[in-house]
Amino acid sequence: MNDQRGFRFPWFALILVVLLYGFMAFTMRGSSEEAITAQGIEQLVESPEKIDSVLVIASEANATGSVHIKTGNGISYTASLADTGAFTEKLDSKNIDYSVRVSSGFRLGDYMPYIVMLIMFMVILRVMTGGKAGGQMMNFGKSRARLAIRTELTMNDVAGMAEEKGELQEIVEFLRNPKSFVEMGARIPKGVILVGPPGTGKTLLAKAVAGEAGVPFFSISGSDFVEMYVGVGAARVRDMFEEAKKNAPCIIFIDEIDAVARRRGTGLGGSHDEREQTLNQMLVEMDGFSQSQGIIVMAATNRVDILDPAIMRPGRFDRKVVVSKPDVAARESILKLHSKNKHLAGDVDLKRVAQTTAGYTGADLENLLNEAAISAVMEKKAQIDQTDINDAFIKTGIGKEKRSKVISERDKKITAYHETGHAILFHLLEDVGPVHIISIIPTGEGAAGYTMPLPDKDDTFITKQQLKHMMMAAMGGRIAEELICEDVTTGASQDIKQVTNIARSMVMQYGMSDKIGMINCNEEGDDVFLGYDIAHNKSYSDEMLSLIDSEVRALVDECYRAAKEMIIAHKEVLEKSCALLLEKEKITGEEFAALFN
Ligand code: ADP
Ligand code: MG
Ligand code: ZN
């Protein structure tokens, strides 16, 4: 770790400049003028026929000066003179023409190399510091986040997100009055990490926390560090924390933290060292200040899975707030918020717009309204009407098909049944967690919806029954589709993969099949959960392989039958939950559990 403080001399830039200067000086002299000694000059003037022209530059102050001689073959020579008077006499005696210029001592040309060098030094500095510190060398390494902003945004500017706002309320209170928290001995997280897909309002939320608390907001983006040279990123982080300490209470916001805090030793790209140094510096800084200083570090990312686990340790980013895509109610309030300063015609029903925009983020919705406004202006209308919204819908919907696809009613319904199928089993089976959230809002990763269990146990060993329950819960989605729709869909492929993997592990690895017993058929010792290919397993007899197959099948069939029975027995829950999901798009574990009464 580098402990140098403040100004750090950019050795790299200096070396580069010196090398360039050397190269330039060499080429310039070499091609246009050659420096020679006084003896060389003597020799030259001995053969006047070779000389084209002679220029003597005499110093105003004394007898010294220099001579520049151009020869017939195009080469020029220069030498300094101790006595210009003696030299011109000699030229006269040889009958060589010459001109004399009196120099006042200062000639720009003499200083040109130094000026060029200085300019180049500054240019390189500018490039290295991303353009902000150009010229002001003493500012080198100062963070771009130096100037904190005061934001006017408040929680009222964030629509929906009731839960997220609630989770951040204590941070706001703490920043408003850190002292009372410290006196009470209450521990407040140092770091809060906001996790969610792009455009869901993470930056907005962080700013709103600062605005609501009325504290300065320092922000920097992880991607800023990526193009930097070694040492610069770390220096910036240090400067930013230093500045923040002076302005506490305040918020430091690190956007796109995944760019620096990627799991160490992974990923491609050259600036590895730099990223690690920056990350280390960040961790050192976070460990270095105490909660009583009133600084909250907030960070945002859309990829929590690739983050270095070190940043999530206690005393660092120990609070995680998940910011998900808005549900239908949240979408309506986002639309309302962003249409406040727009003139909407009477035929625009924002509720209806919200219903047709499943999967849109806050940013998408804002964009939708903006496109509608543009369309209204283009049509020279006084108000935005439903046709403008429809136009914008087509524009944004098609333009971003991948990220926020418009979901058809049919797909929504299938997803609702599918997810409820999982949820019923999660709820009924004691060895898999109760349901936490069911959602039919498409995720960024391409899933149409999800059911999130909340395991209430934290056991090390997984029992045989637990594995069976996991298989049953995974089958629930497909079973619900079978029971309700006439046909099944391709939506269950991940579930099927999971079921197969569990069943194979039970038979081949965990000795949970009576017919095979405690034999490990898993040659390479790798985890079957991770997708083991049975075809590679060559050291067993054909009988053994077919026994494995039949045992795996028996397990899967047994679980399937049991799971189907349970869902059939709760068909009315299936219907009720599906209806609720279609209405709200996202329901909590409690809401779901209430359907069983
Ligand atoms: P992220 O940082 O998660 O990528 P931003 O905070 O930059 O998203 O959001 C981009 C824009 O989308 C915001 O400036 C705001 O206009 C709009 N937006 C997103 N979510 C909301 C929300 N919940 N309420 C109001 N506006 C939102
Ligand atoms: Mg952002
Ligand atoms: Zn599923």
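Since the structure is predicted, the reported quantities are computational estimates derived from the model, not experimental observations.

Trainee: Is there a simple way to think about the coordination of the zinc ion (ligand 3) in this case?
Mentor: A metal bound by six donors in octahedral fashion has ideal angles of 90 or 180 degrees, whereas one bound by four tetrahedral donors has an ideal angle of 109.5 degrees. The coordination sphere of the zinc ion (ligand 3), as far as protein atoms go, consists of His418 (NE2), His422 (NE2) and Asp495 (OD), spread over 2.0 to 2.1 Å. Here the donor residues of the zinc ion (ligand 3) are spaced in sequence according to H-x3-H-x72-D. One end of the pair is histidine 418 and the other is histidine 422, both in helix α15 (residues 409-428) and four residues apart, which spans about a single turn. The pair histidine 418 / histidine 422 is uniform in exposure class, with both members buried.

Trainee: Which parts of the structure should I look at to understand unusual backbone geometry?
Mentor: Outside of glycine, negative phi angles account for most residues, and trans bonds account for most peptide bonds. Note the cis peptide between alanine 248 and proline 249, where omega equals -5 degrees. One non-glycine residue, glutamate 256, lies in positive phi territory at about 50 degrees. Relative to the assigned elements, glutamate 256 resides in the loop between β8 (250-255) and α10 (272-288). Glutamate 256 gets classed as partly exposed once you look at its relative accessible area, which sits at 37%.

Trainee: Where do I start with the packing of aromatic side chains in this structure?
Mentor: Between two aromatic rings, the relevant description is the distance of the centres plus the angle of the planes. For the structure shown, the criterion picks out four aromatic pairs. A ring pair is formed by phenylalanine 174 and phenylalanine 181, whose centres lie 5.6 Å apart and whose planes are at 85 degrees; its orientation type is edge-to-face. Residue phenylalanine 174 is classed as buried on the basis of its relative accessible area of 2%. Relative to phenylalanine 596, the ring of phenylalanine 592 lies with its centre 5.4 Å away and its plane at 80 degrees, an arrangement referred to as edge-to-face.

Trainee: Quick question: what am I supposed to make of the pattern of salt bridges here?
Mentor: Any two side chains of opposite charge can pair, given that their charged atoms come close. This model, assessed by the stated rule, comprises 17 salt bridges. A salt bridge links arginine 176 to glutamate 212, with the nearest nitrogen and oxygen atoms 3.5 Å apart. Linking arginine 176 in helix α5 (residues 162-176) with glutamate 212 in helix α7 (residues 202-213), this pair joins segments that are 36 residues apart in sequence.

The rules behind each value
Residues numbered from 1 in each chain as written. Chains lettered and ligands numbered in written order. Predicted model: local features only at pLDDT ≥ 70, side-chain atom pairs only at ≥ 80, totals over all residues. Heavy atoms only, no water. Donors = N, O, S within 2.8 Å, 3.2 Å for Na, K, Ca; no water. Helix = DSSP H or I, 4+ residues; strand = E, 2+ residues; numbered from the N terminus. Buried < 20%, exposed > 50% of the residue type's maximum accessible area, 1.4 Å probe, protein only. Phe/Tyr/Trp six-rings, centres within 6.5 Å; stacked < 30°, edge-to-face > 60°. Salt bridge = Lys/Arg side-chain N within 4 Å of Asp/Glu carboxyl O.

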